[in-house]
Amino acid sequence: MDKLFGRNAVLEAIKSGNRTINKILISKTAHGSSISEIIKLAKAKGIVINNVPPEKLDKFEQENTQGVVAEVSATNYVELEDLMDTVKNKQNGLLLLLDSIEDPHNLGAIIRNAVCFGVDGVIIPKWRSATINETVERTSAGAIEHIKIARVTNSSQAILKLKDDGFWILGAENGNNSITDTKVPFPAVLVMGSEGFGIHQKIKEKCDFIITIPQKSTISSLNVSCASAVILYEIFKQISN
């Protein structure tokens, strides 16, 4: 079983119903509207609630529990082929492929951005990547419960499968094609590179477009989670117009 920490993460897990929740520990000193909602929804779904002394949660001192910890089943990853089948015929279908995002805080923030701007699924590699853990769950503030995630052994081969199935591949990297001037074809896959090295060359070579964020040259680039928010918003604007 995994652990979920924090009020939003636990609340969204209850609402989504995607994972089995074994029990929820709530500190006796925890109060507020979100605590009341957690208790109400948990009782309605028959989830065990244990009111515990606050010191019982002290063993999770490295996590910001906000007085709430849930014991849940492990993250349910989907197969890439199933994700493709779900999205390829959808109007404006959009996937996000993350190439070696190693910081779990960045991964959680990017997943939250993806949910906010209507991404249909996220693809992460099994190697050289942060996994879905408690930090990712907490940083996403529960958004991870509302999006499908596939793990692949080889990102380059995954892109070839996606291209063969009609997906257009957009790589986010410094270049000449501004996202504000690029008409995104669908179904599409946006590729975001790692914090330090960007998109790997073998993956970049397979992209149909290389898009960039127009900016002043004062700094080299945006943090990857911030960059994902800007690009996904620009794509969302195209979909909405």
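Scroll up to find the structure.
Residues numbered from 1 in each chain as written. Predicted model: local features only at pLDDT ≥ 70, side-chain atom pairs only at ≥ 80, totals over all residues. Heavy atoms only, no water.

Sheet architecture is open: six strands sit in the order β7-β6-β5-β9-β8-β10, paired in parallel fashion. Pairing within the sheet leaves two strands with one partner each, and these edge strands are β7 (148-152) and β10 (209-212). Geometrically, the sheet is characterised by an average inter-axis angle of 35° between neighbouring strands, direction not taken into account. As paired strands, strand β8 (residues 168-178) and β10 are joined by five bridges and run parallel to one another. Looking at the pairing, Asn177 lines up with Ile211 of β10. In the packing of helix α4 (residues 104-116) onto the sheet, the strands contacted are β5 (94-98), β6 (121-125) and β7, and the crossing angle to β5 comes to about 170°. (Pairing = 2+ DSSP bridges. Helix = DSSP H or I, 4+ residues; strand = E, 2+ residues; numbered from the N terminus. Axes fitted to C-alpha atoms, helices over the stretch in contact; angles between N-to-C directions. Contact = heavy atoms within 4.5 Å.)

Inspection of the secondary structure puts Val10 in helix α1 (residues 7-16). The sequence separation of Val10 and Gly166 amounts to 156 residues, and the corresponding C-alpha distance is 37 Å. Discounting residues that sit within four places of it in the chain, Val10 has contacts with Leu4, Ile24, Ile38, Val68 and Ala70.

Moving on, we come to the side chain of Thr75. Structurally, Thr75 is set in the loop between β4 (68-72) and α3 (80-87). Thr75 gets classed as buried once you look at its relative accessible area, which sits at 18%. Among the polar contacts made by the side chain of Thr75, one reaches the side chain of Arg19 at a distance of 3.4 Å. If we ignore the near neighbours within four places in the chain, the residues touching Thr75 are Asp2, Arg19, Ile132 and Glu137. (Buried < 20%, exposed > 50% of the residue type's maximum accessible area, 1.4 Å probe, protein only. Polar contact = N/O pair within 3.5 Å; in protein donor to acceptor, adjacent residues only side chain to side chain.)

Okay, the pattern of salt bridges next. Two side chains that carry opposite charge are able to pair once their charged atoms sit near each other. Evaluated as defined, the whole model comprises twelve salt bridges. A salt bridge links Lys90 to Asp120; the shortest N-O distance between them is 2.4 Å. Here the residue Lys90 occupies a position in the loop between α3 and β5, and Asp120 occupies one in the loop between α4 and β6, the gap between them amounting to 30 residues. Overall, the relative accessible area of 44% leaves Lys90 in the partly exposed class. Of the residues examined, Asp120 reaches a relative accessible area of 14% and is grouped as buried. Through salt bridges with shared partners, a single ionic network connects Asp2, Arg19, Glu137 and Glu145. (Salt bridge = Lys/Arg side-chain N within 4 Å of Asp/Glu carboxyl O.)

Moving on to the packing of aromatic side chains. All chains considered together, the criterion is met by three aromatic pairs. With centroids separated by 6.1 Å and ring planes inclined at 40°, the aromatic side chains of Trp168 and Phe209 adopt a geometry described as tilted. Separated by 41 residues along the polypeptide, Trp168 in strand β8 and Phe209 in strand β10 bring together distant segments of the chain. What links up through ring pairs into an aromatic cluster is the set Phe117, Tyr233 and Phe236. (Phe/Tyr/Trp six-rings, centres within 6.5 Å; stacked < 30°, edge-to-face > 60°.)

Turning our eyes to something else, we now look at unusual backbone geometry. Backbone torsion omega between Phe186 and Pro187 reads -5°, so that peptide bond is classified as cis. Examined against the element boundaries, Pro187 turns out to sit in the loop between β8 and β9 (188-192). Unusually for a residue other than glycine, Ser100 sits at a positive phi of about 65°. With relative accessibility at 4%, the residue Ser100 sits in the buried group. Although it is not a glycine, Ala141 sits at a positive phi angle of roughly 55°.

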